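Descriptive analysis of the structure
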Amino acid sequence: MPTNQTPSSFDRTLLDPYAQPGHLLRRAQQISISLFYDELGDELTPVQYAILTQLATHPGIDQVSLAGLAAIDTSTGATVCARLEEKGLLERKVIPHNRRQRALTITPNGARLLESFEAGALRLRERLLAPLKPAEQLQFMELLAKLVRENNEQSRAPLALPPAENSC
């Protein structure tokens, strides 16, 4: 409670979960995941989709850097990459100059799968933002991006852009 408020002047409605941004973000995530499976099916999880889309634009990236781009922890990234490899959607090869790291590339099957998801991903975005007017959609996306960007370092798995993309 802020120091300038006494217990009697504190607005107790602020304790309602639906007045808490974290709770609303969690609910929005639940809705987003539900719509994800409605539109894209269950062949990939949302995290697998995020990994695969990042890999498609960063071929040859190592697992640690890929996890940073998807903003997931490295152990989860390794598990997700292993599952995607089992599905034949990515390949992992030892990097000769650093035998502990793996260079990742999307397979032709992975690229085809991503391409087949394009229309569904667009529908997902449209459905998720449908309750908002076009100007509100733009404002919401700008504010949501700002909230995520400005709080990135508070995350357990912050977004980590490669050096070339990090310099603006």
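A brief structural summary. No experiment lies behind these values; they were computed from the predicted model shown.

Across six bridges, strand β1 (residues 90-95) lies against strand β2 (residues 98-106) in antiparallel orientation. Within the sheet, the bridge partner assigned to V94 lies in β2 and is R102. Connecting the antiparallel pair β1 and β2 is a turn made up of two residues.

Our next topic: the nonpolar core. Formed by 25 residues in total, the largest nonpolar core has its most connected members in L44, Y49, I51, L66 and L84. Elements with a contribution of two residues or more to this core: α1 (21-40), α2 (46-57), α3 (63-70), α4 (74-86) and α5 (108-129). No other element matches the five residues that α5 contributes to this core. Every residue in contact with L44, bar those within four places of it in the chain, is listed here: F36, Y37, Y49, L52, L84, K87, L89, L113 and F117.

So, about the pattern of salt bridges. One pass over the full model with this rule turns up six salt bridges. A salt bridge links E150 to R149, with the shortest nitrogen-to-oxygen separation between them at 3.8 Å. The residues E150 and R149 share a single accessibility class, namely exposed. Residues joined in a network through salt bridges with shared partners are D38, E39, R123 and R127.

Together, L25, L147 and V148 give the surface a local cluster of nonpolar side chains, amounting to about 250 Å² of exposed area. Relative to the elements of secondary structure, L25 occurs in helix α1. Take L25: its relative accessible area is 41%, and that puts it in the partly exposed class.

Moving on, we get to the side chain of H23. Residue position: H23 is located in helix α1. When its relative accessible area of 18% is taken as the criterion, H23 is described as buried.

What follows deals with α2. When the terminal C-alpha atoms of α2 are compared, their 17 Å separation across twelve residues agrees well with the 16 Å that a helix rising 1.5 Å per residue should span. Within the sequence span of α2, burial applies to Q48, Y49, I51, L52 and L55. What you see down the axis of α2 is that its buried residues fit within an arc of 165°, all on one side. Buried-residue contacts for α2 involve α1, α3, α4, β1, β2 and α5.

Quick look at the packing of α2 against α4 now. At a minimum axis distance of 10 Å, the contact between α2 and α4 shows a crossing angle of 80°. The orientation of α2 relative to α4 falls into the category roughly perpendicular. Residue-level inspection shows V47, Q48, I51 and L52 of α2 in contact with α4, the latter providing V80, C81, R83 and L84. Its residues placed into classes, the contact of α2 with α4 shows six nonpolar, one polar and one charged.

Rules of the game
- The numbers attached to residues start from 1 for each chain and follow its sequence in the written order.
- Only residues with pLDDT of at least 70 are given local features in this predicted model, and only at 80 or more are side-chain atom pairs given and counted; all residues enter the totals for whole chains, interfaces and linings.
- To obtain the side-chain values, all non-hydrogen atoms of the structure were used and water was disregarded.
- Paired strands are those between which DSSP finds at least two bridges.
- For helices the rule is a DSSP run of H or I covering at least 4 residues; for strands it is a run of E covering at least 2, with both sets numbered from the N terminus onward.
- Only buried Ala, Val, Leu, Ile, Met, Phe, Trp, Tyr and Cys residues count toward a nonpolar core, and they belong to the same one when joined by side-chain atoms within 4.5 Å.
- Relative accessibility decides the category of a residue: with a 1.4 Å probe and only protein chains considered, values under 20% of the type maximum give buried, values over 50% give exposed, and everything between is partly exposed.
- Here a residue-residue contact requires only that any non-hydrogen atoms of the pair lie within 4.5 Å.
- Definition used for salt bridges: Asp or Glu carboxyl oxygen within 4 Å of a side-chain nitrogen of Lys or Arg.
- Surface patches are defined over residues having more than 30% relative accessible area and no salt bridge, joining like charges when they lie within 9 Å and nonpolar side chains (Val, Leu, Ile, Met, Phe, Trp, Tyr) when within 5 Å.
- Note on areas: Shrake-Rupley with a 1.4 Å probe; residue coverage comes only from the protein chains shown.
- Every helix has an expected span of 1.5 Å times one less than the residues it contains.
- The arc under discussion is defined with respect to the helix axis, by the directions toward the C-beta atoms.
- With axes taken as lines fitted to C-alpha atoms, and helix axes fitted only over the stretch in contact, angles between N-to-C directions fall between 0 and 180 degrees.
- Working rule for angles: under 35 degrees goes down as roughly parallel, over 145 as roughly antiparallel, 65 to 115 as roughly perpendicular, anything else as oblique.
- Residues were grouped as follows: Ala, Val, Leu, Ile, Met, Phe, Trp, Tyr, Cys and Pro as nonpolar; Asp, Glu, Lys and Arg as charged; and all remaining residues, including Gly, as polar.

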